[in-house]
Amino acid sequence: MTIWALIPVKVFAEAKSRLSSVLTPDQRAKLAQAMFRDTLSATALAEGLDGIAVVTKDPEAAEIARLAGACVIDDQTQDLNDALTAGRMTLQNRLGAVDLIIIPADLPAVRASDIDGFIAARRTPTQIVLSPDHEGDGTNMLLTGAMTDFPYAFGPASYQRHISQAKDLGYEATTLKSVRVGADLDNPSDIDGIWQHAPGEHTRLTLEAFCLRSRWPLKEVS
């Protein structure tokens, strides 16, 4: 079975709003771009993938994806889950049956080995594999295979919601916990903790440029 990664990318200027108390709008946009670059780089190195698709309405993100060799799908929706559903339909129309692994664009510590391990954990066509965030609330990676009837439910409490939906549809749900996949950079309290997970190069350099190597809320020096 063909396996593709589908990465949804929010408009950089609208991302990371929960970091507004410690980062300026321009800094938040730069951080979102850096995290996407690291996520895309790790995904591109995963040996178990046949392709990468990025669904976005951000022209800058689209250009970064194209330069990396990813397929770009224009997002014409207003909702993350709608964007993922549209992206799935687009890929299936182009490629036929394809297994999909949803990888958020803002995983600062993810490695290619994490993605390959995720793929290897799926044993049957009626199995989904998912990884929660570090709080056990959100879903930081989701492998649904070629299931066209599985509704995406990303957002608050999505981890348990995805498991419940799988059971309702008769699918097996397998949790694969990973400290790197689960590592987030959404809130000010995440900044200090992210260093123990060795964030990707673009994320690391961006945080260091903002004087956030070890403490916050220092602002970027102009």
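The following refers to the structure shown. (Residues numbered from 1 in each chain as written. Predicted model: local features only at pLDDT ≥ 70, side-chain atom pairs only at ≥ 80, totals over all residues. Heavy atoms only, no water.)

1. Remarks on the overall build of the protein chain
Reasoning step 1: Secondary structure assignment for the protein chain yields eight helices and seven strands.
Reasoning step 2: Taking 222 residues into account, the globule formula puts the C-alpha radius of gyration at 17 Å, and the protein chain, at 17 Å, falls close to it.
Reasoning step 3: Projected onto its principal axes, the C-alpha coordinates of the protein chain cover approximately 55 × 30 × 30 Å.
Reasoning step 4: In the protein chain, 63% of the contacts between residues at least 6 apart in sequence involve partners at least 24 apart.
Reasoning step 5: When the accessible surface of the protein chain is summed, it comes to about 10,100 Å², and 51% of that surface belongs to carbon and sulfur atoms.
Reasoning step 6: One finds the centroid of the 21 positive side-chain charges in the protein chain at a distance of 2 Å from the centroid of its 29 negative side-chain charges. (Helix = DSSP H or I, 4+ residues; strand = E, 2+ residues; numbered from the N terminus. Rg over C-alpha atoms; globule rule 2.2 N^0.38 Å. Contact = heavy atoms within 4.5 Å. Areas by Shrake-Rupley, 256 points an atom, 1.4 Å probe, with all protein chains shown as cover. Lys, Arg positive; Asp, Glu negative; His and termini not counted. Charge placed at Lys NZ, Arg CZ, Asp CG, Glu CD.)

2. Some thoughts on helix α4 (residues 112–120)
Reasoning step 1: Residues of α4 that are buried: A112, D114, I115, F118 and I119. Within α4, the buried residues cover an arc of 160° as seen down the axis, which keeps them to one side.
Reasoning step 2: For α4, the elements touching its buried residues are β1 (3–9), α1 (25–44), β4 (99–102), β5 (127–132), β6 (139–145) and α6 (179–182). (Buried < 20%, exposed > 50% of the residue type's maximum accessible area, 1.4 Å probe, protein only. Arc of directions from axis to C-beta.)

3. Considerations on the pattern of salt bridges
Reasoning step 1: This model, assessed by the stated rule, comprises eight salt bridges.
Reasoning step 2: Across the salt bridge formed by R180 and D114, the nearest N and O atoms sit 2.8 Å from each other. Within this pair, whereas R180 is found in helix α6, its partner D114 is found in helix α4, the two being separated by 66 residues in sequence.
Reasoning step 3: Residue class for R180 comes out partly exposed when judged on its relative accessible area of 29%.
Reasoning step 4: Looking at D114, the relative accessible area reads 11%, which means it is buried.
Reasoning step 5: Ionic pairing is found between E172 and R123, a salt bridge with its closest N-O pair at 3.1 Å. Residue E172 is found in strand β7 (residues 172–175), and its partner R123 is found in the loop between α4 and β5; the two are separated by 49 residues along the sequence.
Reasoning step 6: The class of R123 is exposed, set by a relative accessible area of 61%.
Reasoning step 7: Salt bridges linked by common partners bring K16, R18, D106 and D186 together as one network. (Salt bridge = Lys/Arg side-chain N within 4 Å of Asp/Glu carboxyl O.)

4. Observations concerning the environment of T206
Reasoning step 1: Structurally, T206 is set in helix α8 (residues 201–209).
Reasoning step 2: Through-space distance from the C-alpha of T206 to that of L130 is 29 Å; in sequence the pair is 76 residues apart.
Reasoning step 3: Residues contacting T206, with those up to four places away along its chain left out, are K30, L31 and A34.
Reasoning step 4: Reaching out from T206, the side chain makes a polar contact with the backbone oxygen of H202 at a distance of 2.8 Å. (Polar contact = N/O pair within 3.5 Å; in protein donor to acceptor, adjacent residues only side chain to side chain.)

5. Regarding the side chain of D186
Reasoning step 1: Locating D186 in the fold gives a position in the loop between α6 and α7 (188–194).
Reasoning step 2: Among the polar contacts made by the side chain of D186, one reaches the side chain of K16 at a distance of 2.6 Å.
Reasoning step 3: In this structure, D186 is in contact with K16, R18, L19 and D106, ignoring residues within four places of it in sequence.

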